[in-house]
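# Observations on the model geometry
Letter by letter, the chains look like this.
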Amino acid sequence: MILFFTSRKGFENSIDMIKQNHWPVWLTKGILTKEEIVKIRNKGIELTEFNYEIDNKDKNKIEEALYTIQEHHPEDQILVERRVEL
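A few points on the structure. Please read all numbers here as calculations on a predicted model, not as lab measurements.

Thresholds applied
- Residues numbered from 1 in each chain as written.
- Predicted model: local features only at pLDDT ≥ 70, side-chain atom pairs only at ≥ 80, totals over all residues.
- Heavy atoms only, no water.
- Helix = DSSP H or I, 4+ residues; strand = E, 2+ residues; numbered from the N terminus.
- Expected span 1.5 Å × (residues − 1).
- Buried < 20%, exposed > 50% of the residue type's maximum accessible area, 1.4 Å probe, protein only.
- Arc of directions from axis to C-beta.
- Contact = heavy atoms within 4.5 Å.
- Polar contact = N/O pair within 3.5 Å; in protein donor to acceptor, adjacent residues only side chain to side chain.
- Salt bridge = Lys/Arg side-chain N within 4 Å of Asp/Glu carboxyl O.
- Pairing = 2+ DSSP bridges.
- Axes fitted to C-alpha atoms, helices over the stretch in contact; angles between N-to-C directions.

## Regarding helix α4 (residues 59-72)
Because an α-helix completes one turn every 3.6 residues, residues spaced three or four positions apart along the sequence face the same direction. With 14 residues, α4 should cover 20 Å at 1.5 Å per step; its first-to-last C-alpha distance of 20 Å lies within 8% of that length. Three or more residues of α4 are buried, namely I62, A65, L66 and I69. Along α4, the residues classed as buried sweep out an arc of 105° about the axis, all on the same side. Away from its buried face, by an angle of more than 90 degrees, α4 presents the exposed residues N60, Y67 and E71. Turning to α4, the residues buried within the fold contact β1 (2-5), β2 (25-27) and β4 (78-80). Its side-chain oxygen placed 3.1 Å from the backbone nitrogen of N60, D58 serves as the N-cap of α4.

See below:
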């Protein structure tokens, strides 16, 4: 399982799950500071930060990000934090 977060709140709400399972994490740029990223990586968690921000309401940008993640993890499912407009 791969976890993809587009907001700090979504990441923070899932931190216990991340620590327990050590699933790889992908983030949009700017969710965490460089220091926070280092701390998480030092705990043995694989964390990748995109080099650009991804609006969690932009379906096309989410799809592009998912394509990139899938290229790196072709056999894994991806759990996505996404905001849906009703």
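## Side note on the environment of R8
Here R8 lies in helix α1 (residues 8-13). Taking C-alpha positions, R8 is 16 Å from K19, a pair spaced 11 residues apart along the chain. Setting aside anything within four residues of it in sequence, one finds R8 in contact with I31, L32 and E36.

## Describing the pattern of salt bridges
Proximity of charged atoms lets side chains of opposite charge pair with each other. Tallied over the entire structure, the rule returns 3 salt bridges. For the salt bridge of R8 with E12, the shortest nitrogen-to-oxygen distance reads 2.7 Å. Taken together, the positions of R8 and E12, both in helix α1 and 4 residues apart, correspond to about one turn of that helix. Using a relative accessible area of 34% as the deciding quantity, one classes R8 as partly exposed. Between R8 and E36 there is a salt bridge; the shortest N-O distance is 2.5 Å. One end of the pair, R8, is in helix α1; the other, E36, is in helix α3 (residues 34-42), with 28 residues separating them in the sequence.

## Concerning the sheet that holds β1
Ordered by their spatial adjacency, 4 strands build an open sheet running β3-β2-β1-β4, and the pairing between neighbours is parallel. Of all the strands in the sheet, just β3 (47-49) and β4 have a single pairing partner and so form its edges. The sheet shows a mean angle of 20° between the axes of neighbouring strands, direction not considered. The sheet contact formed by β2 and β3 spans 3 bridges and is parallel. The residue bridging L27 from the neighbouring strand is E49, located in β3.

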